[in-house]
Amino acid sequence: MRKPAIMNKVRKNFGSHGKLDLYSYKNTFLIGIAVVVVVALIASIFVKVGNKHNDKNSAVNPKDIYVHSLDIGKLNPVNSKYMMFYQVSKLMYEGLYELDKNMTPKEKVVSKVIRDKYKKNVFHMEIEKNVKWHDGNILTANDVAFSFGRLKERANENIFGRDLETVEKITATGQNSIDVQFKSECNINFAALTFPIFSKTQYQFSSSEIPIGSGKYKVVEYKKGKELILSGHKDYRGKVPGNRIIISIFPDSKIPYRMIGAGRVVMVFEKSPARKAKIRENKVSEYDFVSNRIEVLGFNFKKKHVKTLAMRKAIYYAINKETILNEAYYGKGVLQDSLYYPNFYGIKNKKNLHEYEPSKSREILKKQGFEDKNKDGYLENMSGRLEFNMIVSKSSKERIKSADLIAKGFEKAGISLKTDVLSKDEYENRLKKGDFDMFLGELSFNKMWDLSTFLARDGKHNHIGYDNELVNIRLSDFNKSADKEKSRKILKHLDQMITDDLPYISILKNTEGVITSTKLRGNINPKFFEWFFDVESFRMN
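Residues numbered from 1 in each chain as written. Predicted model: local features only at pLDDT ≥ 70, side-chain atom pairs only at ≥ 80, totals over all residues. Heavy atoms only, no water.

Draft legend 1. Just the overall build of the protein, in detail. On a plain count of helices and strands, the protein comes out with 15 helices and 21 strands. Counting every position in the protein, which comprises 541 residues, the buried fraction comes to 51%. Counting only contacts in the protein whose residues sit at least 6 apart along the sequence, the fraction spanning at least 24 positions is 67%. (Helix = DSSP H or I, 4+ residues; strand = E, 2+ residues; numbered from the N terminus. Buried < 20%, exposed > 50% of the residue type's maximum accessible area, 1.4 Å probe, protein only. Contact = heavy atoms within 4.5 Å.)

Right, dumping it as structure tokens:
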């Protein structure tokens, strides 16, 4: 009788071993069954181990949101300068105020505000009585005063310090009451009061380097240099988040794009306009958001020609913003004439008042006495050719490309432009000395978005020498106001005045981006001042 095939295999692999009769069909059949069971068990073990490994290294739980960070440093507001910590702190801690989507300050821990009748730079505030720390204890006025004091005295060591410059002191006047004193009644901005509040008691007596907060998320675990896990704070006064935020730290910025597809990372924040190329190579989603930086062409008001509004308007029409956006900035930017954040305080910004129109430039300049009399393509008057000098730093390749495109636009309008591409130090020295007709550069703002520093007569960074009395008055009025509706009315008028007068031409507002897995769901709407805006709505599909 022909032996079954399985018996041949068993014989080949095991041979004869004493009493075991491998040629017996019955015994062979039983051994075959045993082998199959053993193999199945081994396979089962490997599958379980494999699944366990995958659970550990991929966002398979729809409630786990993995975010990439190059580093986050110490989880201590007093001595951290990392941007990722600044953003994460918005989840861990609360401030007296918070900013809404239009950067309008609104009360957070504060429940009542009264301006002092005589000292207009002093505000008497009451704080909520039911704010609980992550350890269950109650937040008090002493915690607020202590947090401000520690952040202020070590301002050079933390990322929050520069936002506190306008605040002189905060004093606890009761269990749930404080006095906030600004340095001047001419510079009142509640956005400065969004600093993180942490527990005085825990900070002073705990050996932990992570001060506890009262934010919607609390720290579950922190492995320095590797991972930070945050989950919902059960005693949070608002809706308790049901997801977890996991900050995965990878020093190599090239790794995350590959890991998004593998599930190791769900979100990556990217600043460079060149991110478009990286996105094209990977199957990911992108959400752009306006940064705190504006590309501008600034005019030196000490120079005769650019001091006139007609000349600034002629130059405006000679700049092709659309081409600059697409060719120099990869299409990553927002075109707006306003120097304010989009819809700042709820004031709607128009896109652009005018389009690129070099013929319109020539028309305006002709009325100013400039014509191409010698037919060389450039305009001149009795004093000679119309020409300007523009300085730009070589630190930005996008800005250098932008300068070339501006020069081409000027040429079509009949304006001669000499561009000096300088080192960062040379550029800043000439800017401070006023050694330029125009400069191509960047205006950078903190969360107060205060234009006074660039436009007020005594503005710290008013390198263009701009001095418009009406603008000075309205800037002062806005900075003095503590009433939201009054501030909006002032701002609407001020924005129109600045846009019409063109002290700077807003080339574009820079954008940054968050690159995400295509499986991420929720209201993904980051802001430069709060990357994790509405993060509690995030989930994996």
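Draft legend 2. Fine view of the side chain of E380. Here E380 shows up in strand 14 (residues 380-381). For E380, which is buried and forms no salt bridge, the nearest opposite charge comes from R385, at a distance of 5.5 Å. Of the polar contacts made by the side chain of E380, one reaches the backbone nitrogen of K373; its length is 2.6 Å. Polar side-chain contacts of E380 include one of 3.3 Å to the backbone nitrogen of N374. Setting aside residues up to four positions removed in sequence, E380 forms contacts with G369, F370, E371, D372, K373, N374, R385 and L386. (Lys, Arg positive; Asp, Glu negative; His and termini not counted. Salt bridge = Lys/Arg side-chain N within 4 Å of Asp/Glu carboxyl O. Polar contact = N/O pair within 3.5 Å; in protein donor to acceptor, adjacent residues only side chain to side chain.)

Draft legend 3. Structural view of the packing of aromatic side chains. Tallied over the full model, the rule gives 26 aromatic pairs. Note on F123 and F182: the rings are 5.8 Å apart at their centroids and 85° apart in plane angle, and the pair reads as edge-to-face. Remark: F182 occurs in strand 7 (residues 177-182) and F123 occurs in strand 5 (residues 122-127); sequence separation between them is 59 residues. Residue classification places F123 among the buried residues on the basis of a relative accessible area of 1%. Owing to a relative accessible area of 0%, F182 belongs among the buried residues under this scheme. With centroids separated by 6.2 Å and ring planes inclined at 85°, the aromatic side chains of F146 and F198 adopt a geometry described as edge-to-face. (Phe/Tyr/Trp six-rings, centres within 6.5 Å; stacked < 30°, edge-to-face > 60°.)

Draft legend 4. Looking closely at the sheet that holds strand 7. Read from one edge to the other, the open sheet built from four strands follows the order 4-5-7-6, with strand pairing classed as antiparallel. Both outer strands of the open sheet, strand 4 (110-115) and strand 6 (167-174), are each paired with one neighbouring strand and no more. Along the sheet, successive strands turn relative to each other by an average axial angle of 25°, direction set aside. Here five bridges tie strand 5 to strand 7, and the two strands are oriented antiparallel to one another. (Pairing = 2+ DSSP bridges. Axes fitted to C-alpha atoms, helices over the stretch in contact; angles between N-to-C directions.)

Draft legend 5. Representation of the packing of helix 14 (residues 469-480) against helix 15 (residues 484-501). In the contact formed by helix 14 and helix 15, the axes pass within 9 Å of each other and the chain directions differ by 155°. Between helix 14 and helix 15, the interaxial angle falls into the category roughly antiparallel. Crossing handedness for the pair helix 14 and helix 15: left-handed. Side by side, helix 14 and helix 15 meet where L470, V471, R474, L475, D477 and F478 of the first sit next to S487, I490, L491, H493, L494, M497 and I498 of the second. (Parallel < 35°, antiparallel > 145°, perpendicular 65-115°, else oblique. Left-handed = near helix turned anticlockwise from the far one by under 90°.)

Draft legend 6. How the structure looks around the pattern of salt bridges. By the definition in use, this model includes 30 salt bridges. The partner of R457 in a salt bridge is D467, with the nearest N and O atoms 3.0 Å apart. Of this pair, R457 sits in the loop between helix 13 (452-455) and helix 14 while D467 sits in the loop between helix 13 and helix 14, placing them ten residues apart in sequence. Classification of D467 as partly exposed rests on a relative accessible area of 46%. One network of salt bridges, with partners in common, ties together E94, E98, K106, K108 and R237.

Draft legend 7. Main features of the nonpolar core. Membership of the largest hydrophobic core comes to 143 residues, with the highest contact counts inside it found for L96, L193 and I315. The contacts of I315, once residues within four sequence positions are left out, are L297, F299, V306, F388, F410, I415, M438 and I505. Core analysis: the next-biggest nonpolar cluster, separate from the first, contains eight residues, Y257, V265, V268 and I515 among them. (Core = buried A, V, L, I, M, F, W, Y, C linked by side-chain atoms within 4.5 Å.)

Draft legend 8. Spatial organisation of the pairing of strand 8 (residues 217-223). Examined bridge by bridge, strand 8 and strand 9 (residues 227-232) share six bridges and lie antiparallel to one another. By the bridge assignment for strand 9, Y222 is matched with L228. In this structure, the hairpin formed by strand 8 and strand 9 is closed by a connection of three residues, where G225 is found at a positive phi of approximately 80°.

Draft legend 9. A look at helix 12 (residues 424-433). Those residues of helix 12 lying buried are Y427, R430 and L431. The buried residues of helix 12 occupy an angular sector of 105° when projected down its axis, which confines them to one face. Turned more than 90 degrees off the buried face of helix 12, the exposed positions are D425, K432 and K433. Among the structural elements, strand 16 (387-393), strand 17 (416-422) and strand 18 (438-444) are those in contact with the buried residues of helix 12. (Arc of directions from axis to C-beta.)

Draft legend 10. Quick peek at the side chain of N243. Inspection of the secondary structure assignment puts N243 in the loop between strand 9 and strand 10 (244-249). Classification of N243 as buried rests on a relative accessible area of 4%. Among the polar contacts made by the side chain of N243, one reaches the side chain of Y217 at a distance of 2.5 Å. Here F538 takes part through its backbone oxygen, which lies 3.0 Å from a polar atom of the side chain of N243.

Draft legend 11. The arrangement of the pairing of strand 17 in detail. The pairing of strand 16 with strand 17 spans seven bridges and is parallel. From the neighbouring strand, M390 faces strand 17, where its bridge partner is T419. In this fold, the crossover linking strand 16 to strand 17 by way of helix 11 (residues 397-412) has right-handed handedness. (Right-handed = clockwise from strand over helix to strand, strands pointing away.)

Draft legend 12. Representation of unusual backbone geometry. In this model, M103 sits at a positive phi of 65°, which is unusual for a non-glycine residue. Among the structural elements, M103 can be located in the loop between strand 2 (97-99) and strand 3 (105-107). Located in the positive-phi region is Y345, a residue other than glycine, with phi close to 60°. As for its placement among the helices and strands, Y345 is situated in the loop between strand 13 (333-334) and helix 10 (358-367). Relative accessible area serves as the criterion here: at 9%, Y345 is assigned to the buried category.

Draft legend 13. Region of interest: the environment of V471. Turning to its location among the elements, V471 is positioned in helix 14. A residue is classified by how much of its surface remains accessible, and V471, at 1% relative accessible area, is buried. For the pair formed by V471 and A456, sequence separation is 15 residues and the distance between their alpha carbons is 7.6 Å.

Draft legend 14. Molecular detail of the environment of G522. Structurally, the position occupied by G522 is in the loop between strand 20 (520-521) and strand 21 (539-540). Measuring from C-alpha to C-alpha, the distance between G522 and E536 comes to 8.4 Å, with 14 residues separating the pair along the chain. For G522, the contacting residues outside a window of four places in its chain are S537, F538 and R539.

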